[in-house]
Number of protein chains: 2
Amino acid sequence: MRPADTRHKLSRRQLLSSATGLGAAALLPRNASAQQPPEASNELGLPARPYGFRSPFEKDVVRLVDSGSGRTPLQDLQGIITPSALHYEILHFGMPIINPAHHELLIDGLVERPLIFTMKDLERMPAVSRIHFLECAGNSWREQVGNPGNTPEESHGLLSCTEWTGVPLAVLLEQTGLKPSARWILAEGADVGRLARSLPVEKALDDIIVAYAQNGEALRPEQGYPVRLIVPGWEGNVNVKWLHRLEVLDQPAMTAWETGHYTDLLPSGKARQFTFVMEAKSVIVRPAGGQRLDGSGVYELTGLAWSGRGKISGVEVTVDGGRSWQKAELQEPIHTKAFTRFRWTWNWSGVETTIASRCTDETGYRQPTREQIIAARGLNATDHYNGIKWWRVRTDGQITHA
Amino acid sequence: MRPADTRHKLSRRQLLSSATGLGAAALLPRNASAQQPPEASNELGLPARPYGFRSPFEKDVVRLVDSGSGRTPLQDLQGIITPSALHYEILHFGMPIINPAHHELLIDGLVERPLIFTMKDLERMPAVSRIHFLECAGNSWREQVGNPGNTPEESHGLLSCTEWTGVPLAVLLEQTGLKPSARWILAEGADVGRLARSLPVEKALDDIIVAYAQNGEALRPEQGYPVRLIVPGWEGNVNVKWLHRLEVLDQPAMTAWETGHYTDLLPSGKARQFTFVMEAKSVIVRPAGGQRLDGSGVYELTGLAWSGRGKISGVEVTVDGGRSWQKAELQEPIHTKAFTRFRWTWNWSGVETTIASRCTDETGYRQPTREQIIAARGLNATDHYNGIKWWRVRTDGQITHA
């Protein structure tokens, strides 16, 4: 900001108010030389539109895409809601475009009454809306091998948070009934690869949602339009998209996605399997890698914290390489299994330093260090890495991975 | 929904699991004749995209636009977050497209230090994110003259709710300082008409936000890109868009927008002025006018409640013309000055009836009836109508304004 030179302004509103005869202009300084704030428009603007789009000046805020994935530009976003158009996506078999008028959900297997639900059936059933994060199991795993990307998007961008709406899976299972031997539910997508994952019945009866809407409107195609599972707090891959079948089983189906993939190889050579929960984690997104501070002074330091086990109870930040930790302010209200935005005001002196955040969830679990994770699990597992993330701030203001 | 014929399915996953050699397929019924649920894809889908868009099957979910406004299709939306592309818009002078690199905010008048803030200045200052509704003062006013539209969009569509991010105005005023005589702040937009409104300093120091983001990303152009006021709970018009000047005054400026417009004419011939607060209000959006129930049976009844004075504390619904009222379920957590989604499961017997909702906020204020409003204020005021909204359900399932 800079001081305003109040001698050089003429308010067009002053003229307008004078014209109303109400005398308000008399309250205001009267200056002769005209200087409007820049960029004030002097012509009539564009008309209303049925479906809005972004300012052309925002065109560079995009997902970082490769053939099968798109990463959320966390460093460019605010608050806790990710816009649907920037929600991360992983497309193992590309994105099918499905006609909802023909799409159906079959529930069969160990149920009393196998049923088929059309989208219209689902939409007239009791619904819930909840704000939840989604995170890919492999998000930020390259941190542990010391080769992360240089920006929050590159290191942590397989991560987003939106408001999901749909029918609790428990409501659908009430309709079908469960046989006494029911223990697992296999969820299968209608993508060409029929991606399928097994989930315990207890989770299905707890908080899984058969979701058809995101941030108020229908799911986007890459998010599973017209219907997907939302499995709050659990790794992204089990949130099966383009959902067309739920089969109730007495044990897991052992699909390729829970045997060959999405298991965590330990140093012993054994692999952890069905490690669904995304444990508490946090990351500073501004100031962060790829950004540059414009000299010493006051900056807002902000980031995101989340836990697959419930609410975030606290976030601490350090701006001196971990010698001291300060309590960050948390955005209220805090939602369960959702982003919690944290903020802290940093007066940077201009010296080189490293900065980081660490969070605690309502179960008392505290985000571990990279060293703790490697000591416990080695370096082979590529999923469920949730270590503290460091950024290095150099004296010229440039920020990099630390 | 309908019973599934379990004899006619072949699970591709069964085949895949068999191939893994893990024996899971043995757990499953083995049926020879193949019948996939419809619409399962048999070809590779589309690749990831930098910025997503909707399914082509959703193209009819749009704002209802005329030259200067766009109404939110409330009946098509879920949860409490309105997608930015469907947020209501009122464009008194059209929508300017502003370059944020050149846009500045001037704060002057009765301040100690007049200051100019660039967008970069604003973005490095301490921010807040809050979910708040916005409602046009005139939303649903035609209810009182018995000539509302026939759908929730037509009757109540100048109404939306999103997550806003920006700097508390109090933080900016701390920088400029206020002179002892400061009582009002005139906010002026950079649109060609320089729309300007006066706001009390107390509100500015309470919860007004100088907002630059909505639902995580930058404001949309029609919402004031790059910066606007968010004045929580107060009529839409004072949430000045394309904000480029705040002038601190010792009394209101009496602009055209607070004298000729946005005042409430009473039967006495006097007009109420500066009636900023949007009082508690609710509306059922499904089932609602323009929709048709597909025969008797169970339906989810859902709608929205909101109050400019704080949190919604309760919503009741009637499905028998007001003879009995039932407590609806409220979506948690409840945010202050924001949409609260309510839901109730209705088993419709097929008889003609009228349905409505009424809400109460945390101050104890209860949404009034149309008759109470008319008795108190007459029929001339076109703003701040918040009466109970009735829909008529006919025996053929058609629903109309009641």
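Residues numbered from 1 in each chain as written. Chains lettered and ligands numbered in written order. Predicted model: local features only at pLDDT ≥ 70, side-chain atom pairs only at ≥ 80, totals over all residues. Heavy atoms only, no water.

(A) Broad picture of the overall build of chain A. Helix and strand content of chain A: six helices and 25 strands. Taken along its principal axes, the extent of the C-alpha atoms in chain A is 85 × 55 × 35 Å. The 402 residues of chain A split such that 61% are buried. Taking the contacts inside chain A whose residues are at least 6 apart along the sequence as the reference set, 71% of them involve residues at least 24 apart. Each charge class in chain A was averaged separately, 44 positive and 44 negative side chains, and the resulting centres sit 5 Å apart. (Helix = DSSP H or I, 4+ residues; strand = E, 2+ residues; numbered from the N terminus. Buried < 20%, exposed > 50% of the residue type's maximum accessible area, 1.4 Å probe, protein only. Contact = heavy atoms within 4.5 Å. Lys, Arg positive; Asp, Glu negative; His and termini not counted. Charge placed at Lys NZ, Arg CZ, Asp CG, Glu CD.)

(B) Summary view of the interface of chain B and chain A. Contact residues are listed per partner, giving 129 residues for chain B and 129 residues for chain A. For the pair chain B and chain A, the summed buried surface comes to about 10,600 Å²; carbon and sulfur atoms form 58% of the total. Joining chain B to chain A, the criterion identifies four salt bridges. In this structure, B:Glu222 engages A:Arg49 in a salt bridge whose closest nitrogen and oxygen atoms are separated by 2.8 Å. (Buried area = accessible area lost by both parts, 1.4 Å probe. Salt bridge = Lys/Arg side-chain N within 4 Å of Asp/Glu carboxyl O.)

(C) A look at the environment of A:Ile399. All names here are of chain A. Tracing the sequence through the fold places Ile399 in strand β25 (residues 399-401). Take Ile399: its relative accessible area is 2%, and that puts it in the buried class. Along the backbone, Ile399 and Asn150 are 249 residues apart, and their C-alpha atoms lie at a distance of 8.8 Å.

(D) View of the sheet that holds strand β6 (residues 115-118) of chain B. In spatial order, the strands read β1(A)-β6(B)-β5(B)-β14(B)-β9(B)-β10(B); together these six strands make up an open sheet with mixed pairing. Every other strand in the sheet has two partners, leaving β1 (2-3) of chain A together with β10 (196-200) of chain B as the edge strands with one partner each. (Pairing = 2+ DSSP bridges.)

(E) Here's a closer look at helix α4 (residues 169-176) of chain A. The set of residues buried in α4(A) consists of A:Leu169, A:Val171, A:Leu172, A:Leu173 and A:Thr176. Looking at the residues trailing α4(A), positive phi occurs at A:Gly177, about 70°.

(F) Structural view of a nonpolar patch on the surface. Residues A:Leu46, A:Phe57 and B:Ile97 make up a contiguous nonpolar surface patch of roughly 250 Å² in combined accessible area. Relative to the helices and strands, A:Phe57 resides in the loop between α1 (12-20) and β2 (64-65). (Patch = residues over 30% accessible without salt bridge, like charges linked within 9 Å, V, L, I, M, F, W, Y side chains within 5 Å. Areas by Shrake-Rupley, 256 points an atom, 1.4 Å probe, with all protein chains shown as cover.)

(G) Structural context of the relation of the copies chain B and chain A. Screw-axis analysis of chain B against chain A gives a translation of 0.0 Å along the axis, an RMSD of 0.0 Å, and a rotation angle of 180°. Each copy turns onto its partner about a two-fold axis. Looking at the rotation axis and the C-alpha trace of chain B, the residue lying nearest is B:Pro333, at 3.6 Å. Taken as a fraction of all interface residues of chain B, those also at the interface in chain A reach 100%, which identifies the copy contact as same-surface. (Least-squares fit on C-alpha atoms with pLDDT ≥ 70 in both.)

(H) Spotlight on the environment of A:Ile81. With respect to the element layout, A:Ile81 can be found in the loop between β3 (69-71) and β4 (89-90). Residue A:Ile81 is classed as buried on the basis of its relative accessible area of 1%. Each C-alpha atom of the pair A:Ile81 and A:Phe133 lies 9.1 Å from the other, and the pair is 52 residues apart in sequence. Aside from chain neighbours lying at most four places away, what touches A:Ile81 is A:Ile131, A:Cys161, A:Glu163, A:Asn215, B:Ile81, B:Glu163, B:Asn215 and B:Gly216.

(I) Up close: the pairing of strand β7 (residues 128-135) of chain B. Residues and elements named next belong to chain B. Counting buried residues in β7 gives seven out of eight residues, a clear majority hidden from the surface. Here β7 pairs with strand β8 (residues 159-168) via eight bridges, running antiparallel. Looking across to β8, one finds that His132 is bridged to Thr162.

(J) Focus on the packing of aromatic side chains. In total, this model carries 17 aromatic pairs over all chains according to the counting rule given. Aromatic side chains A:Trp306 and A:Phe339 sit 6.0 Å apart centroid to centroid with 50° between the ring planes, which places their arrangement in the tilted category. Taken as a pair, A:Trp306 in strand β18 (residues 297-306) and A:Phe339 in the loop between β21 (329-330) and β22 (340-348) lie far apart in primary sequence, 33 residues in all. For the residue pair A:Trp306 and A:Phe339, the accessibility class agrees, reading buried in each case. Following the ring pairs from residue to residue traces out a cluster consisting of A:Trp184, A:Trp234, A:Phe274 and A:Phe276. The ring of B:Tyr299 has A:Arg124 lying over it, and the distance from NZ or CZ to the ring centre is 3.8 Å. (Phe/Tyr/Trp six-rings, centres within 6.5 Å; stacked < 30°, edge-to-face > 60°. Lys NZ or Arg CZ within 6 Å of the ring centre and 35° of its normal.)

(K) The pattern of salt bridges, seen in detail. Here the structure, examined in full by the defined rule, presents 42 salt bridges over all chains. Linking A:Arg245 and A:Glu247 is a salt bridge whose minimum nitrogen-to-oxygen distance equals 3.5 Å. Given a relative accessible area of 6%, A:Arg245 falls into the buried group. A salt bridge links A:Glu316 to A:Arg366; its shortest N-O distance comes to 3.6 Å. Of this pair, A:Glu316 sits in strand β19 (residues 312-318) while A:Arg366 sits in the loop between β23 (353-361) and α6 (370-377), and the two are 50 residues apart along the sequence. Exposure remark for A:Glu316: the relative accessible area of 21% places this residue in the partly exposed category. In the salt-bridge network here, residues are joined through shared partners; they are A:Arg49, B:Arg63, B:Glu89 and B:Glu222.

(L) Quick peek at unusual backbone geometry. For the bond from B:Tyr225 to B:Pro226, the omega torsion is 5°, close enough to zero to count as cis. A cis amide bond links B:Glu332 to the next residue, B:Pro333, at an omega of -10°. Within the fold, B:Pro333 resides in the loop between β21 (329-330) and β22 (340-348). In this model, A:Trp242 sits at a positive phi of 50°, which is unusual for a non-glycine residue. Relative to the elements of secondary structure, A:Trp242 occurs in the loop between β13 (228-230) and β14 (243-249). Positive phi, close to 70°, is recorded for B:Ser140, a residue that is not glycine.

(M) Molecular detail of the environment of A:Pro221. In this fold, A:Pro221 is placed in the loop between β12 (217-218) and β13. By relative accessible area, which is 2% here, A:Pro221 ends up buried. The spacing of A:Pro221 and A:Glu112 is 109 residues in sequence and 32 Å in space, taken between C-alpha atoms. Here A:Pro221 is in contact with A:Met95, A:Pro96, A:Ile97, A:Trp242, B:Arg49, B:Phe53, B:Arg54 and B:Ser55, once residues within four sequence places are set aside.

(N) Fine view of the sheet that holds strand β24 (residues 390-393) of chain A. All names here are of chain A. Spatial ordering of the open sheet is given by β20-β19-β23-β24-β25, a layout of five strands whose pairing is antiparallel. In the strand order of this sheet, the two ends are held by β20 (326-327) and β25, each with one partner. One ladder, built from two bridges, connects β19 with β20; its direction is antiparallel. Each bridged residue has a counterpart across the sheet, and for Val317 the counterpart in β20 is Gln326.

(O) Fine view of the confidence of the model for chain A. All names here are of chain A. Predicted confidence across chain A gives a mean pLDDT of 91, with 91% of residues reaching 70 or more. When the criterion is pLDDT under 50, residues 6-36 qualifies, and its contacts beyond four places in sequence or with other chains add up to 55 contacts. Scoring the predicted complex yields pTM 0.91 and, for the interface, ipTM 0.90. (pLDDT = per-residue confidence, 0-100.)

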